[in-house]
Protein chains: 2
Amino acid sequence: MDENIKALFRPRSIAVIGASEKPGKIGYAVMKNLVEYGYEGKIYPVNIKGVEIEINGRKFKSYKSILDVPDEVDMAVIVVPAKFVPQVVEDCGKKGVKVLPIISSGFGELGEEGKKVEEQLVETAHRYGMRILGPNIFGVVYTPEKLNATFGPTDVMPGSLALISQSGALGIALMGWTILEKVGLSAVVSIGNKSDIDDADLLEFFKEDENTKAILIYMEGVKDGRKFMKTAKEVSMEKPIIIIKAGRSERGAKAAASHTGSLAGADSIYTAAFKQSGVLRALTIGEAFDWARTLSNLPEPEGENVVILTNGGGIGVMATDAAEEEGLKLYDNLDDLKVFAKHMPPFGSYKNPVDLTGMADGKAYEGAVRDALANPNMHAVAVLYCQTAVLDPRDLAKIVIREYNESGRKKPLVVAIVGGIEAKEAIDMLNEEGIPAYPEPERAIKSLSALYRWSRWKATQKRE
Amino acid sequence: MDENIKALFRPRSIAVIGASEKPGKIGYAVMKNLVEYGYEGKIYPVNIKGVEIEINGRKFKSYKSILDVPDEVDMAVIVVPAKFVPQVVEDCGKKGVKVLPIISSGFGELGEEGKKVEEQLVETAHRYGMRILGPNIFGVVYTPEKLNATFGPTDVMPGSLALISQSGALGIALMGWTILEKVGLSAVVSIGNKSDIDDADLLEFFKEDENTKAILIYMEGVKDGRKFMKTAKEVSMEKPIIIIKAGRSERGAKAAASHTGSLAGADSIYTAAFKQSGVLRALTIGEAFDWARTLSNLPEPEGENVVILTNGGGIGVMATDAAEEEGLKLYDNLDDLKVFAKHMPPFGSYKNPVDLTGMADGKAYEGAVRDALANPNMHAVAVLYCQTAVLDPRDLAKIVIREYNESGRKKPLVVAIVGGIEAKEAIDMLNEEGIPAYPEPERAIKSLSALYRWSRWKATQKRE
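First, a word on what this report is: a plain description of the structure on this page. (Residues numbered from 1 in each chain as written. Chains lettered and ligands numbered in written order. Predicted model: local features only at pLDDT ≥ 70, side-chain atom pairs only at ≥ 80, totals over all residues. Heavy atoms only, no water.)

1. Considering the overall build of chain A
A tally of helices and strands in chain A yields 16 helices and 20 strands. Compactness check: chain A gives a C-alpha radius of gyration of 25 Å against a globular reference of 23 Å for 464 residues, within 12% of the reference. Across the 464 residues of chain A, 62% fall into the buried class. For chain A, restricting intrachain contacts to residue pairs at least 6 apart in sequence, the fraction spanning at least 24 positions comes to 75%. Only carbon and sulfur atoms are counted for the fraction: they give 50% of the accessible area of chain A, which is about 17600 Å². (Helix = DSSP H or I, 4+ residues; strand = E, 2+ residues; numbered from the N terminus. Rg over C-alpha atoms; globule rule 2.2 N^0.38 Å. Buried < 20%, exposed > 50% of the residue type's maximum accessible area, 1.4 Å probe, protein only. Contact = heavy atoms within 4.5 Å. Areas by Shrake-Rupley, 256 points an atom, 1.4 Å probe, with all protein chains shown as cover.)

2. Concerning the interface of chain A and chain B
With 52 residues of chain A in contact, the opposing surface of chain B contributes 52 residues. Buried surface at the junction of chain A and chain B, both sides included, amounts to about 4100 Å², of which 65% is carbon and sulfur. The tally of links from chain A across to chain B stands at six salt bridges. The shortest N-O distance in the salt bridge between Asp321(A) and Arg248(B) comes to 3.9 Å. If you look at where chain A meets chain B, you find 17 residue pairs in polar contact (both at pLDDT 80 or more). (Buried area = accessible area lost by both parts, 1.4 Å probe. Salt bridge = Lys/Arg side-chain N within 4 Å of Asp/Glu carboxyl O. Polar contact = N/O pair within 3.5 Å; in protein donor to acceptor, adjacent residues only side chain to side chain.)

3. Things to note about the pattern of salt bridges
Summed over the entire model, instances satisfying the criterion amount to 70 salt bridges over all chains. Its salt-bridge partner being Arg293(B), residue Glu181(B) comes within 3.8 Å of it at the nearest N-O pair. With Glu181(B) in the loop between α5 (168–180) and β11 (185–190) and Arg293(B) in helix α10 (residues 285–297), this pair connects stretches of sequence that are 112 residues apart. With relative accessibility at 25%, the residue Glu181(B) sits in the partly exposed group. Note that Lys182(B) is salt-bridged to Glu432(B), the shortest N-O span being 3.3 Å. Here Glu432(B) lies in helix α15 (residues 421–432) and Lys182(B) lies in the loop between α5 and β11, a separation of 250 residues in the sequence. What makes Glu432(B) partly exposed here is its relative accessible area of 45%. Members of the salt-bridge network, linked through shared partners, are Asp2(A), Arg131(A), Asp196(A), Asp198(A), Asp201(A) and Lys227(A).

Laid out in structure tokens, this is it:
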């Protein structure tokens with residue numbers, strides 16, 4: 001493990017160079033997020049005027065230079081204007097800092113001249129044994145250490161998904177999305193211009209990181225394709241990687257080229273490379289997070305037999321359509337499936353999709369979910385619920401949470417609840433407990449299918 | 001216009017036969033919804049014991065029989081147990097009621113015997129010149145008349161989409177969904193067993209109904225395919241019809257057959273019939289409502305030139321990918337597009353997708369949206385926004401609402417806002433104003449594309 005990369009996620013102390021006492025400034029926002037998100041290491045604001053900075057009543061003395069800080073500093077978050085950054089990097093080197101997230105912009109993204117400055121920064125950093133994240137980023141989050149060194153949203157929900165974004169603006173928007181949609185994160189990393197630390201470096205960290213179970217990357221392009229592929233393939237053998245990379249269409253690729261300077265027309269190369277490396281390419285943001293919910297929370301299935309439990313014939317059929325289209329196999333052994341007959345009225349159907357009927361109450365779901373989780377021939381379970389007056393969706397959520405926990409969470413289980421406000425609350429409750437829940441049956445099935453795809457890819461790799 | 005069908009949506013007076021004073025009973029829930037949703041006609045509860053029914057402090061005397069009601073009754077909602085229904089229908093006939101939504105279940109859905117009883121009910125009704133909706137339904141909503149004669153959710157958001165559901169359970173769940181997702185409805189009709197009034201009858205009403213701009217049907221099967229197709233095609237020339245019909249896959253169709261008794265394997269026939277009739281078939285609930293938002297709110301485009309405005313290169317590329325895949329044409333005339341240059345910094349791009357850059361503030365969006373709406377060569381506009389600190393998404397929403405209203409809403413405009421809680425609020429604000437807004441760029445583009453598909457189908461029909 002690269003000690004510098006480790007310091008990016010588990011710094012024992014942090015300096016914020018360019019910290020500000022003024023709300024609205026990035027140098028204030030970073031301080032505020034560090035404090036409010038509960039970082040427990042030492043925080044040293046560095047401000048050229050040496051102002052006092054107050055965050056929620058907690059007062060911080062600031063230092064005029066990083067060299068004045070009377071302690072070791074693992075990570076220095078840099079937010080000063082671009083022209084001051086070279087000197088700051090030099091000072092950080094002298095101080096013995098390990099890693100430098102450079103939030104400041106005004107470098108490579110502006111053109112050739114900026115790119116040269118960037119290269120010099122990296123040279124300086126490497127001379128002192130430091131690594132640079134960025135520049136042109138919004139920072140880094142690592143929830144197990146209560147570290148939020150960004151100027152993005154504060155209240156990131158802890159979980160097992162690591163999110164890497166090349167775009168700053170979209171990355172912050174996606175952080176907000178995860179909070180709204182209850183997607184639990186282990187980490188968020190803004191990699192911006194990737195002058196030094198790149199996707200591959202981070203993948204290597206997340207591969208070993210016990211708090212991360214899946215990785216989602218928003219990518220505009222990679223510089224060293226060979227390195228990325230090699231690492232991605234190695235990591236995919238351990239943990240699933242989901243990538244959103246826009247620019248699939250000819251015109252989209254052209255627009256991407258003018259936006260990021262990456263090569264147009266190379267999209268088919270990415271597609272092939274992703275496929276070979278076991279990377280799951282999502283076509284939209286929504287799809288990526290749908291998959292990520294399942295991939296970052298659930299164990300791999302031990303076989304192909306999927307069971308669908310439903311109280312609505314219609315949503316059961318929708319899920320069945322999706323399962324067939326995705327190549328999932330619905331379990332067919334009626335001797336085994338007959339166990340569900342006792343949880344339904346006579347006009348129910350224990351054929352898969354198992355229709356508990358609109359009369360299904362808490363007891364019916366409890367029994368059916370328990371039986372499905374207990375039977376070793378049933379390898380994955382999709383619980384569907386169409387909101388009725390018989391059973392409050394929030395009570396259904398409680399039942400599923402309890403049964404899944406008591407079963408030891410040994411096989412994948414996804415949930416879809418169709419309905420109104422109570423259904424949304426039930427979905428949130430499940431997601432907060434790390435049980436992937438969706439407002440539509442197809443989204444649950446397609447997410448389960450992504451888990452199967454990754455699992456099957458691994459199996460073919462092992463056979464080869 | 002069939003007077004009986006009209007009475008289903010604009011009854012001057014309503015009897016609830018089987019009304020109850022006990023919360024938790026369907027006969028109470030229907031009364032409660034009628035009162036709470038603000039129905040302004042007369043409401044006559046009918047209860048065999050003649051109990052007094054109190055709803056929110058308002059007291060209703062109830063009648064022991066519909067024949068005792070001292071006034072004309074246009075619509076009688078029937079919630080008594082199945083065995084009493086034949087007598088009640090007979091009484092309604094004598095009373096001169098026009099239309100009978102029969103909520104009660106226990107008829108055709110149970111088998112042949114129930115089907116016979118159902119046929120007799122219809123015979124009786126027709127003898128008296130009445131029409132039957134159902135049985136086995138959850139009721140009917142018509143928002144322009146503040147009519148909510150269902151036992152589903154109360155606070156349906158008024159709008160221009162008519163929703164028809166063959167499934168009761170899913171229909172209620174979808175009503176809840178529309179409230180949660182701010183989809184405005186003109187009507188909700190549960191058609192259940194379709195013993196008498198069917199999809200075609202309702203389509204004919206909605207075709208003429210000035211409060212309805214689009215129709216969404218959840219369908220499990222049709223009895224008279226020829227009649228449905230003929231009507232659907234006529235209606236599609238005036239208003240778009242979106243249909244969700246599960247059972248596309250072989251196994252899904254089999255499951256549907258066991259659930260609804262409809263023929264398996266006939267799905268390809270539906271596909272062909274829908275296509276020929278101009279019906280837009282949505283593959284999922286989410287897709288159907290996405291399209292419905294746009295189709296029920298926006299005018300048709302007067303040409304093919306779509307303009308995408310964005311503050312994020314990434315989401316601009318995603319939208320471009322979706323537009324290409326959907327066959328939408330991004331406007332290319334740089335002489336016209338140059339008008340956007342004045343709303344962006346020098347590193348922005350006025351090539352379509354128009355990148356206002358992450359620095360885009362309210363003024364930039366205001367100017368760009370106004371210019372796009374004003375230029376007659378630009379026929380449709382997609383406004384994308386990636387949440388940044390520069391502009392609160394709710395302020396963006398206000399700007400778009402104002403500009404779109406001031407332009408007279410003459411061309412289609414869709415919005416996508418990617419972000420967290422404030423983004424969700426902004427999306428809700430726009431949807432409440434009838435401006436289709438989505439949390440992902442692709443969903444906005446695909447919905448615009450559905451509008452184009454319908455519009456192009458109409459054009460080909462007119463040419464033939």
